[in-house]
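These are the residues of each chain, in order.
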Amino acid sequence: MPTDIPGIHHVTAIASGPQENYDFYTETLGLRLVKRSVNQDDTSVYHLFYGDRAGSPGTSMTFFPYPGARPGQVGTGQVSTTGFTIPADAVEYWLDRLEGAGVDVDEPRERFGETVIPLRDPDGLPLELVGVEGAPAGDPPAGPVPPERAIRGFYGVTLSLEDTDSTVRVLEEMGYEEAGSAGDRTRYEASGDIGAVVDLIAEPDRGRGQPGAGTVHHVAFRVTSDEQPEWREQLQTLGLRPTEIVDRKWFESVYTRTPGGVLFEYATAEPGYTVDEALDSLGERLVLPEWFEDRREEIEAGLPPLSVDSN
């Protein structure tokens, strides 16, 4: 039996305009662009990676921005909300910051003893900032947000499901334990100090989610390189149909569609985003896996404009 999973590795979502996406996540939320590449399944589309200073596992929010993409519909079978950890004493700072930036924000609410700020990105993707007492110091990037107020990484994700039982079985196999419930929300937590929360909400009347701009494509969980093959076997014992191990250049991945419809990925920490760029210059240039290098000129010509400041 492989070691329990400590939490989220990354979350990947669909966006529309790459410039609007970049501006929001770097200038408004203060994350760092740690990798600028392409969707390996569609090289006409960027793959943009944001995170802490190094893009550490547990901090990396990534996007496929399709210019002019039609809006998606958040619903069952999807990650319905992605949450980020902020220090508890930074809540007022973020409320003022988001209001000043004209962000679509709801009134803060209390959940499991913590203050939650619901907001949406330029494509309507549902996000939350969660104020956490004793939030880890993390490795915040230099940028527009003071380090003591900065996002520390993921808090967790909420899954919208027609029913929760089959997904609970998968999470428990991964080492998650039930940590409480509030209304129609049941919380499961892993052992990590960042990105450890998965909330499940049964919403049989909500309607099935439709992919498009403003929806999450998949959520990835952290596994070690040594144990990734074992996790693949564990998923098979649960009756799931995991992919073979896929080389994504900066990590290796196994994907499976859970019984509830959500796409889970199991991704390694190694080799990381500094395998092909120095830490101080992450995200400053278009980086391609070596198997695409012979097509660089064609790929660059097919990508939309994107103005990126050095970070």
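Residues numbered from 1 in each chain as written. Predicted model: local features only at pLDDT ≥ 70, side-chain atom pairs only at ≥ 80, totals over all residues. Heavy atoms only, no water.

Peer 1: So what exactly am I meant to see when it comes to unusual backbone geometry here?
Peer 2: Glycine aside, negative phi is the norm for most residues, and most peptide bonds take the trans geometry. Going from Glu270 to Pro271, the amide bond is cis rather than trans, its omega being 5°. Its location among the elements puts Pro271 in the loop between strand E17 (263-268) and helix H5 (296-302). The backbone of Phe112 sits at a positive phi, close to 50°, despite the residue not being glycine. The exposure class assigned to Phe112 is partly exposed, which follows from its relative accessible area of 32%. A positive phi angle, close to 75°, is found at Lys249, a residue other than glycine. Inspection of the secondary structure assignment puts Lys249 in the loop between strand E15 (246-247) and strand E16 (252-257). Judged by relative accessible area, which is 18%, Lys249 ranks as buried. (Helix = DSSP H or I, 4+ residues; strand = E, 2+ residues; numbered from the N terminus. Buried < 20%, exposed > 50% of the residue type's maximum accessible area, 1.4 Å probe, protein only.)

Peer 1: Could you clarify how one ought to interpret the UniProt feature "domain: VOC" (unreviewed entry) in the chain in this entry?
Peer 2: Feature annotation in UniProt places "domain: VOC" (unreviewed entry) on residues 7-132 and 153-269, given in this structure's numbering. Along residues 7-132 the backbone is 17% helical and 48% strand, and the end-to-end C-alpha distance reaches 16 Å. The distance from the first to the last C-alpha atom of residues 153-269 is 15 Å, and the span holds 16% helix and 42% strand. (UniProt positions renumbered as here; feature names shortened; annotations may be inferred.)

Peer 1: Can you help me understand the pattern of salt bridges in this one?
Peer 2: For side chains of opposite charge, pairing can occur when their charged atoms come near one another. Under the counting rule described, the total for this entry stands at 18 salt bridges. In this structure, Lys35 and Glu277 form a salt bridge, with 2.7 Å as the shortest nitrogen-oxygen distance. Here the residue Lys35 occupies a position in strand E2 (residues 32-39), and Glu277 occupies one in the loop between E17 and H5, the gap between them amounting to 242 residues. The residues Lys35 and Glu277 share a single accessibility class, namely buried. Note that Asp106 and Arg120 form a salt bridge whose closest N and O atoms lie 2.8 Å from each other. In this pair, Asp106 sits in the loop between strand E6 (104-105) and strand E7 (109-111) while Arg120 sits in strand E8 (residues 114-120), placing the two residues 14 residues apart along the sequence. For Asp106, a relative accessible area of 30% gives the class partly exposed. Where salt bridges share partners, they join Asp104, Asp106, Arg109 and Arg120 into one cluster. (Salt bridge = Lys/Arg side-chain N within 4 Å of Asp/Glu carboxyl O.)

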